[in-house]
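Analysis of the macromolecular model
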Amino acid sequence: MAGRVQIPNKSSALIAMIGDEDTVTGFLLAGVGNVDLRRKTNYLIVDSTALWQLAKGMSFSCLDSMLTLEGVQGLLLEAGSEETTVKAIEDAFKEFTTKEDIAIVLISQYVANMIRFLVDSYNKPVPAILEIPSKDHPYDPTHDSVLSRVKYLFSAESVASDRR
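Thresholds applied
Residues numbered from 1 in each chain as written. Predicted model: local features only at pLDDT ≥ 70, side-chain atom pairs only at ≥ 80, totals over all residues. Heavy atoms only, no water. Helix = DSSP H or I, 4+ residues; strand = E, 2+ residues; numbered from the N terminus. Contact = heavy atoms within 4.5 Å. Patch = residues over 30% accessible without salt bridge, like charges linked within 9 Å, V, L, I, M, F, W, Y side chains within 5 Å. Areas by Shrake-Rupley, 256 points an atom, 1.4 Å probe, with all protein chains shown as cover. Salt bridge = Lys/Arg side-chain N within 4 Å of Asp/Glu carboxyl O. Buried < 20%, exposed > 50% of the residue type's maximum accessible area, 1.4 Å probe, protein only. Pairing = 2+ DSSP bridges. Axes fitted to C-alpha atoms, helices over the stretch in contact; angles between N-to-C directions. Expected span 1.5 Å × (residues − 1). Arc of directions from axis to C-beta.

We now examine the environment of E21. Position of E21 among the secondary structure elements: in helix α1 (residues 21-29). As for E21 and S134, which are separated by 113 residues in sequence, their C-alpha atoms are 9.7 Å apart. Leaving out residues up to four positions away in the same chain, E21 has contacts with I45 and V46.

Residues L130, V146, V150 and F154 make up a contiguous nonpolar surface patch of about 310 Å² in total accessible area. Here the nonpolar patch gets 3 residues from one element, more than from any other, and that element is helix α7 (residues 145-162). Its place among the elements puts V146 in helix α7. Judged by relative accessible area, which is 32%, V146 ranks as partly exposed.

Strand order in the open sheet formed by 4 strands is β2-β1-β5-β6, with parallel pairing between adjacent strands. If you trace the sheet from one side to the other, it starts and ends with β2 (43-45) and β6 (128-132), each paired once. With strand direction ignored, the average angle separating the axes of adjacent strands in the sheet is 20°. In this sheet, β6 lies alongside strand β5 (residues 102-108) in parallel orientation, the contact comprising 5 bridges. Pairing of I107 across the sheet is with E131, part of β6.

Here we take up helix α4 (residues 86-98). In a regular helix each residue adds 1.5 Å, so 13 residues correspond to 18 Å; α4 covers 18 Å between its end C-alpha atoms and thus fits that length. For α4, the set of buried residues is I89, E90, A92, F93, F96 and T97. Along the axis of α4, the buried positions cluster into a sector of 165°, meaning they face one direction only. Those residues of α4 that are exposed and angled more than 90 degrees off the buried face are K87 and T98. Along its buried surface, α4 packs onto β1 (14-19), β2, β5, α5 (109-114), α6 (116-121) and β6.

Remember, this is a structural readout, not a statement about activity or role.
Have a look at this one:
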């Protein structure tokens, strides 16, 4: 079959992930994570902006001491929690889809909606892009690029078979 795309099988192909912390952590606990020799990972954790939005407009009371906006942002920065930019998501998506050792890219659907133009314009079979739901954002089949392509193919097949 000359037209088939071969998946590289040096020893195995990887699964890359772009999603919220809970989703990526679940896959990492299942053994999907990888760190290469250059200390590059096969995942990107997209931090939710809810806590940042809360921190921008409020001050917190914690054990009778008032934390200001600067205090909360300082605590978040110390913990390594900072809002992931759309540019960082785009860069990770481009990196994962061009690496030769990645066969599947799992991306949370709400994150895919942030870079929908990239996801919809991607048309290579390997790595396959699969949109998955997350704990806080349920699956919406109207935004799934794979499902829309399958529907398009089936509708084109039904039109072609009606002409016979």
